[in-house]
Every structure is written in structure tokens, then in C-alpha cells.
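Next come the chains, spelled out residue by residue.
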Amino acid sequence: MLRNQTTITSVLLMSLSDNQKIIYVLFTIFLLIYVMTFLTNFLIILLVLTCAHLHIPMYFFLGNLAFLDMSYSSVTAPRMLFNFITQDWSISLPNCITQMFFVIYFGSSEVFLLSSMSYDRYVAICCPLHYSQVMSWDRCIQLVSLVWSFALLIPMINTLCLRRLTFCGPNFIHNFFCDLPHLFQISCTNTSINVLVLIIVGGVFSTGAFVTTFYSYFRIFSTVLKIRTSNGRLKAFSTCTSHLTVVLIFYVSITFTYFVPNTSNLLTLNQVVTVIYALITPLLNPLIYSLRSKDLKSALKKAIHIH
């Protein structure tokens, strides 16, 4: 049943606050978060590219993750900061769809990249003697190419399916950026086919990545527990704790964002989790890796000492 026959041309995003003083505080906080996110991820990319001892598969994947986090943050944060300044939370429908495309693309890419990184840690711990053969540079480049290629198919298919929808409002969405479920909510066309496509495409591509990630860690834990000495177990586990922390933060936030309904009782909590997922996580990832990686710390100290 059609709700309104007037086709909308713009979407009204949700402001995080109506209080002017709070808005100034939020703008300052989110600006600092975005700048720190961009700089820390850019620094990791720079170190990985310029430091010879970081030219190994683990840091090759980490450099790609840093680029992903920097890109994902840049899709959502600048627009939100602009809206804070102008106090105009409207966005044209084409721009909203474009933002949605890249939100899905970079989010899907991270799912696949974390899966590749978990496989790398699995080979390093469970098959150390064959690591150099299995994780050759050709294999690493193939994995990353597959990550970026397969991730691109998900937003492309879902965006093409949006062409069958008519958007007639209400044009308000309960989020500070555009995402696919929010576009479904403002459509006056039956979205059951689009939801089905989203589930099938997301399920086919993401399930494999999800299973690979957690099966890799199941094998890692099984291998680590078989090590007789506590020092040996600690050393083996320390090689993957950074990645495991990033995986847990990512999956917890994405599960709450996409699988917990946006009811009025949970609206505030949903806003907080969305901010964590879209803005805080891209900052936490490089901090977690830089704080736990002796190689990154050493590379940074050498770079500072040289200059």
C-alpha cells in the first residue's frame, strides 16, 4: 500500500542533539576523532610502505586495513561535521544513495579483509614451517584483490536493485548517515525483493568470510592449548591478540547496528553504537595494533629519530 505518492528528492538525517552547546561539544569531539583517525591510519600506511622490516604479509594486510578505516571514516565523518556547522541535516537522494554505496563497500571489505588476516594468523601459528610458502606475496596480493573485488559486488547489486523502488517518504531517517535499511524505510514500494537480495547476497559472500574468521581462531586456540609451556602459549597467542580484539569489536558493533531493531526504547543506544561503529572503531584499530606491535613501535621510533 502506498503511503504517499509525492516522490522525495532529499533525505533528512538525524541530528545527534538539538542543544546548541552540546552540538559545539560534539563537533569538537568528532572533529578530533576524525583527524586522529586519518592521521594514525595514514601513519601506519606510511610506515608499512617505507620500513623494509614491515614488508611481511601481516603488515601488508594491516596497511590495507588502515586504508579501509581511513576511507570508511571519510565517508561518514566529513558530512556529519558539515551538517553540524550548517545545521542543515538534509542530503539529496542521489548523494544519500552514493554514501550508502560506499558505507556498504568499505564495511564489506573489512569483513573480507579481517577474514584474510585471520587466515594469515592461522597459517603463522598452526603451520609455521609452511608459512613462507602458503603466504607468498602472490597469495597475499590475490587475497587482497579478492577482498576488494568481492566487496564491490555487494553494494553494486543492492544499488541496482534500488532502481525498482520509489521513495515517497517520510524522508526522515534515524541515523546521521545513509545506509540501506534506512532507504528501505522511506520507500513507498514493496521492498521484500530488495530485502531478499540483501540477505542472499550478504549471506553468500559474508558467511564464508565469517566462518573462515572464527574457524581460523578455533584452530588457533586448539593449537595454542596444546603447547606445553605457559611462555610458549603466551608467545603464540600474543601474535594474534591484536587482530582478535579488532575482530571482536567490529563484529559486536556491526551485529548491534544491523540486527538489533531500531525501537524507540533502544534508539539512544542504537545511536551510541552507530557512532562507535562508524567513527570510533576506525580510530581504535590502528591504536590497538600500534600499542601491541613492537615492530610498529620500532619503525615509528626509527622514523622519528631519522627526522
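Data block above holds the structure.
Residues numbered from 1 in each chain as written. Predicted model: local features only at pLDDT ≥ 70, side-chain atom pairs only at ≥ 80, totals over all residues. Heavy atoms only, no water.

Enquirer: What's the story with the environment of Phe 112 in this structure? I'm lost.
Expert: Mapped onto the fold, Phe 112 is located in helix α3 (residues 93-126). For Phe 112, a relative accessible area of 8% corresponds to the buried category. Put simply, Phe 112 and Trp 148 are 36 residues apart on the chain and 8.4 Å apart in space, counted from C-alpha to C-alpha. If sequence neighbours within four positions are ignored, Phe 112 has contacts with Val 147, Phe 150, Ala 151, Ile 154, Phe 205, Ser 206 and Ala 209. (Helix = DSSP H or I, 4+ residues; strand = E, 2+ residues; numbered from the N terminus. Buried < 20%, exposed > 50% of the residue type's maximum accessible area, 1.4 Å probe, protein only. Contact = heavy atoms within 4.5 Å.)

Enquirer: So what exactly am I meant to see when it comes to the packing of α3 against helix α7 (residues 192-225) here?
Expert: Two packed helices can be described by the angle between their axes and the distance between those axes. Relative to each other, α3 and α7 sit at 25 degrees, their axes nearing to 8 Å. Here α3 is positioned roughly parallel relative to α7, judged by the angle of their axes. Considering how the two elements wind past one another, α3 and α7 form a crossing that is left-handed. When α3 is examined against α7, the residues Val 111, Phe 112, Leu 114, Ser 115, Ser 118, Tyr 119, Arg 121, Tyr 122, Ile 125 and Cys 126 are found in contact with a partner set consisting of Phe 205, Ser 206, Ala 209, Thr 212, Thr 213, Ser 216, Tyr 217, Arg 219, Ile 220, Thr 223 and Val 224. Its residues placed into classes, the contact of α3 with α7 shows twelve nonpolar, seven polar and two charged. (Axes fitted to C-alpha atoms, helices over the stretch in contact; angles between N-to-C directions. Parallel < 35°, antiparallel > 145°, perpendicular 65-115°, else oblique. Left-handed = near helix turned anticlockwise from the far one by under 90°. Nonpolar A, V, L, I, M, F, W, Y, C, P; charged D, E, K, R; others polar.)

Enquirer: Sorry, what's going on with empty space enclosed by the protein here?
Expert: Think of a ball as big as a water molecule: rolled over the atoms, this probe shows where empty space is left. Summed over the entire model, instances satisfying the criterion amount to two cavities of 30 Å³ or more. The wall of the largest cavity is formed by Asp 69, Tyr 72, Phe 106, Gly 107, Glu 110, Phe 250, Tyr 277, Thr 281 and Pro 282. If you list the elements that add at least two residues to the lining of the largest cavity, you get α2 (57-86), α3 and α10 (267-292). Empty space within the second largest cavity amounts to approximately 40 Å³. Met 58, Phe 61, Met 117, Asp 120, Arg 121, His 243 and Tyr 289 together form the lining of the second largest cavity. Put simply, the parts of the chain that give the lining of the second largest cavity at least two residues each are α2 and α3. No other element matches the three residues that α3 contributes to the lining of the second largest cavity. Across the lining of the second largest cavity, the residue classes tally to four nonpolar, one polar and two charged. (1 Å grid on protein atoms, 1.4 Å probe; cavity = no way out; pocket = protein on both sides within 12 Å on 5 of 7 lines; lining within 4 Å. Points joined across faces, edges and corners; volume = space filled by probe spheres on them.)

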